[in-house]
Amino acid sequence: MKEYQMEEILHVLPVRLREPVGQEMRKKHHIQEIRLRSGKPVQLLENGRERILEGVGPLSAGDMQETMEFVSRFSMYAYEEEIRQGFLTIRGGHRVGIAGKTVLGDGKIRTIRNISFIHIRIAGEYRNCARGLLPYLYENGRLLSTLIFSAPGQGKTTMMRDLIRLISDGNSSGSPRTVSVVDERGELAACDQGVPQNDLGGQTDVLDGCPKTLGMRLMLRSMAPSVLAVDEIAGGDDVEAVFEAAGCGCVMLATAHGESLERLLEKEGFGRMMKAGVFDRYIQLENNGNPGRWSHIYNGKGERIL
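Rules of the game
- Residues numbered from 1 in each chain as written.
- Predicted model: local features only at pLDDT ≥ 70, side-chain atom pairs only at ≥ 80, totals over all residues.
- Heavy atoms only, no water.
- Helix = DSSP H or I, 4+ residues; strand = E, 2+ residues; numbered from the N terminus.
- Buried < 20%, exposed > 50% of the residue type's maximum accessible area, 1.4 Å probe, protein only.
- Polar contact = N/O pair within 3.5 Å; in protein donor to acceptor, adjacent residues only side chain to side chain.
- Contact = heavy atoms within 4.5 Å.
- Pairing = 2+ DSSP bridges.
- Axes fitted to C-alpha atoms, helices over the stretch in contact; angles between N-to-C directions.
- Parallel < 35°, antiparallel > 145°, perpendicular 65-115°, else oblique.
- Left-handed = near helix turned anticlockwise from the far one by under 90°.
- Nonpolar A, V, L, I, M, F, W, Y, C, P; charged D, E, K, R; others polar.
- Disulfide = S-S within 2.5 Å.
- Core = buried A, V, L, I, M, F, W, Y, C linked by side-chain atoms within 4.5 Å.
- Phe/Tyr/Trp six-rings, centres within 6.5 Å; stacked < 30°, edge-to-face > 60°.
- Lys NZ or Arg CZ within 6 Å of the ring centre and 35° of its normal.

Here we come to the side chain of R35. Within the secondary structure, R35 is located in strand β1 (residues 31-37). Residue R35 is classed as buried on the basis of its relative accessible area of 15%. Within polar-contact distance, the side chain of R35 engages the side chain of E33 at 2.9 Å. When near neighbours in sequence (up to four residues on either side) are disregarded, R35 contacts P41, V42, Q43, L45, E50, I118 and H119.

Bringing the sheet that holds strand β5 (residues 94-105) into the picture now. Taken in spatial order, the six strands of this open sheet run β3-β2-β1-β6-β5-β4, and their pairing is antiparallel. Two strands in the sheet have a free side with no partner beyond their single neighbour: β3 (49-52) and β4 (87-90). In this sheet, adjacent strand axes meet at a mean angle of 35 degrees when their direction is disregarded. Here ten bridges tie β5 to strand β6 (residues 108-121), and the two strands are oriented antiparallel to one another. Directly across from V103, in β6, lies its bridge partner T111. Sheet contacts for helix α2 (residues 15-26): β1, β2 (43-46) and β3; angle to β1, the most-contacted strand, approximately 155 degrees. Lying over the sheet, helix α3 (residues 61-71) contacts β1, β4, β5 and β6, oriented at roughly 100 degrees with respect to β6.

This brings us to the pairing of β3. Direction of pairing for β2 relative to β3: antiparallel, over a ladder of four bridges. Across the sheet, residue Q43 finds its bridge partner in β3, namely I52. Here β2 folds back onto β3, and the loop between the two strands holds two residues, one of which, N47, carries a positive phi near 50 degrees.

With their axes 8 Å apart at the nearest point, helix α7 (residues 212-222) and helix α8 (residues 237-247) run at an angle of 15 degrees to one another. With respect to α8, the element α7 is oriented roughly parallel. Considering only the axes of α7 and α8, their crossing is left-handed. Side by side, α7 and α8 meet where K212, T213, M216, R217 and L220 of the first sit next to D237, D238, E240, A241, V242, E244 and A245 of the second. By residue class, the composition of the contact of α7 with α8 is five nonpolar, one polar and six charged.

Let's shift gears to the state of the cysteines. Enumeration according to the criterion identifies zero disulfides in this entry. Of all cysteine sulfurs in the structure, the one in C191 sits closest to C210, which takes part in no disulfide; the separation is 13 Å. Lacking any disulfide linkage, C248 is separated from the closest cysteine sulfur, that of C250, by 7.6 Å.

By size, the foremost hydrophobic cluster in this structure holds 31 residues, and its most contacted members are I34, L36, V42, I98 and I118. Residue assignment for this core shows that the elements contributing at least two residues are α1 (3-10), α2, β1, α3, β4, β5 and β6. Residue contacts for L36: discarding those within four places in its chain leaves L13, L17, V42, L59, M64, T67, S116, F117, I118 and H119. With 28 residues, the next largest nonpolar core counts L147, M219, A256 and L264 among its residues.

Using the criterion set out here, one finds two aromatic pairs in the structure. Taking 5.6 Å as the distance between ring centres and 90 degrees as the angle between the ring planes, the aromatic pair formed by F70 and F74 counts as edge-to-face. For the pair F279 and Y282, a centre-to-centre distance of 6.0 Å together with 65 degrees between the ring planes defines the contact as edge-to-face. With respect to class, F279 is no different from Y282; both count as buried. Between R18 and the ring centre of F70, over which it is positioned, the NZ or CZ distance is 4.8 Å. The ring of F87 carries the charged tip of R95 above its face, separated from the ring centre by 3.9 Å.

Dropping the structure here:
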């Protein structure tokens, strides 16, 4: 991890934790998450295994409050919408998941108070982790619409980020393509003041912070992409927007949660997308501590080809 990436993460931690956490990160450990729980010691998720950070003691309510102040840049009100969703994205594309006391209104979450659980998922650019996939995603130079799926925390966003870069810049399987990215959570491009901090390629345009459904339609109208990329589609309106994009002749790149292809197809709209042939490839990831590993590749009919 580069020094500036490390500083992005350390900057949101309580001051007393920055030095011990920084020492661990500088030891070349592959730390994937930093988990903070009030009344508990700091936990580091490393190569898929959780371990205690020794020597810092249990976290206090003050530690949690200090963390949220840094994460929200001392303006919790400005991040109210993100807090309602249960996560915030900080500079560098690192995702901060939160949990605590929910405040409800009209059956919906209005906000989360007394935040006592904070998980910082560390984003990383693993360049060329998607390169081995490319021969399976092209046919005679034609890019195939692809859905990447896995259980949470298996590297979907990491794989998608590198795939976008390789497609945008061109590769041995295909020429450069114009890619539009709808980055609702800011994890793909990690824009700062509108400028992507992650390398998504020279022919990529990014719509940052816009809901996926609205963003996909906007980019289709305004940017006329040959490839449309979106992270973590769910059912309902997301699926309808994907159908709309596919109907415009746009190649789709997307990710979704799913522990297996069977479980994925049980979700609202996903079986319908397979029947309609929206995606030509389904890539199942399996993280054994090294981001960018896949366990199965399926064709558009759900038949395993690798």
